[in-house]
Amino acid sequence: KMTEKEKQEKYLFNKRNKSNLNASFLHDNWLASLPGLHTKRRKLIKSVSLDSNVSEQKKENNEVILRIENSRSGTVFPHVRSISEGDPNLKNKVTNLGKVRKQWIQEMLSKVMKSKRVFGSTITAIAKADGTGIPKFLTKCISLIADNPLHMSSEGLYRRNGIMATIQSLRFEVDQGRLIKLDLEKNVHILTGLIKLFFRELSSPLIPWSTIEKLADAYDKISKTDDKKKRGKELRTVGQIISTLHPANRDTLFFLLEHLYAVSGFSDVNQMNIENLAMMLGPTLSWTQDLNNMTNMTSMMIKQNNVVGCLIRDCER
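Since we're looking at a predicted model, the values are computed, not measured.

Here's the deal with the side chain of serine 286
Thinking step 1. Considering the arrangement of structural elements, one finds serine 286 in the loop between α14 (274-285) and α15 (297-314).
Thinking step 2. Among the residues examined, serine 286 registers a relative accessible area of 1% and is labelled buried.
Thinking step 3. Those residues in contact with serine 286 that sit more than four places away from it in its chain are Pro205, Ile207, Pro208, Trp209, Ile212 and Gln304.

This is the structure we're talking about:
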């Protein structure tokens, strides 16, 4: 016949065995994300079991102590702290941890995908999302430059490079829709660098390469004649070619050309005439995706720079 003390010890022994929880081969980083659980060692965990004094400690401080055993030696990690809240259902926490982690990754990826609303997109998609004819980012950024005479007269405007780390930081803010951050930037070369990066990273160029080739032919005919009537006819042809662009691309192009023309008006101070501006902006406004045309890069760059220069010069017409 067992005494009351023996009965109580047997009851506690059985209770401890029933409470044993197995969480095989869990990384300690995962376990560390549970409330109050910390471990410094970078080893795989073989098992997680309740300490023998769990029932007594649970009454005193509402905590459950874990014993972490090494997968090889079975030694106890004494630096592992307790899991608070007195929740004995650790198995569910460990089991669901992978699901929570996966859900968090999916949410972060979703935010990243949603954030690509300006850089790396297309002019038409951005304008549609903004509900405007011209992307809001571009109108704000150019306005900050154009409305400041000191910016417009800054030497090397659109030629000098800003700090790339700052440009990338602003790019992130713009992608998150925080255009107000642009107002805080006092370095005009950061703003111009952001504009060039915007056009360079478009998934499709502002001016399709086929349009560049047509414009190059039209301007070639203009340069070969002194007849005003013929020149006027070819200029109308240029206007017709541009009119075939998507409305968002066309409006954005005109807006940019007018700004660059205004910048060239300060060329005696900023040292940026039409030819220099065309050289800096031309490669970002158009490119070919035909690998066969990549063999003669020099002639292509000359062609597109000439076209962009002519467009800047003639934008007032």
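We are not done yet, so read on.
Details of the packing of aromatic side chains
Thinking step 1. Enumeration according to the criterion identifies four aromatic pairs in this entry.
Thinking step 2. Here the aromatic rings of phenylalanine 198 and phenylalanine 199 are separated by 5.1 Å at their centres, their planes lie at 65 degrees, and the arrangement is edge-to-face.
Thinking step 3. For phenylalanine 199, a relative accessible area of 0% corresponds to the buried category.
Thinking step 4. Taken together, the ring pairs connect Phe119, Phe137, Phe198 and Phe199 into an aromatic cluster.

Some points on helix α11 (residues 228-243)
Since there are 3.6 residues in each turn of an α-helix, residues three or four apart along the chain are aligned in direction.
Thinking step 1. Between the first and last C-alpha of α11 there are 22 Å, a value that for 16 residues agrees with the 22 Å anticipated at 1.5 Å per step.
Thinking step 2. Within α11, burial applies to Glu234, Val238, Ile241 and Ile242. Relative to the axis of α11, the buried residues are bounded by an arc of 95 degrees and lie together on one face. In α11, those exposed residues whose orientation departs by more than 90 degrees from the buried face are Lys228, Lys229, Lys233, Arg236 and Gln240.
Thinking step 3. Residues of α11 that are buried make contact with α10 (209-223), α12 (247-264) and α15.

About the cut-offs
- Residues numbered from 1 in each chain as written.
- Predicted model: local features only at pLDDT ≥ 70, side-chain atom pairs only at ≥ 80, totals over all residues.
- Heavy atoms only, no water.
- Helix = DSSP H or I, 4+ residues; strand = E, 2+ residues; numbered from the N terminus.
- Buried < 20%, exposed > 50% of the residue type's maximum accessible area, 1.4 Å probe, protein only.
- Contact = heavy atoms within 4.5 Å.
- Phe/Tyr/Trp six-rings, centres within 6.5 Å; stacked < 30°, edge-to-face > 60°.
- Expected span 1.5 Å × (residues − 1).
- Arc of directions from axis to C-beta.

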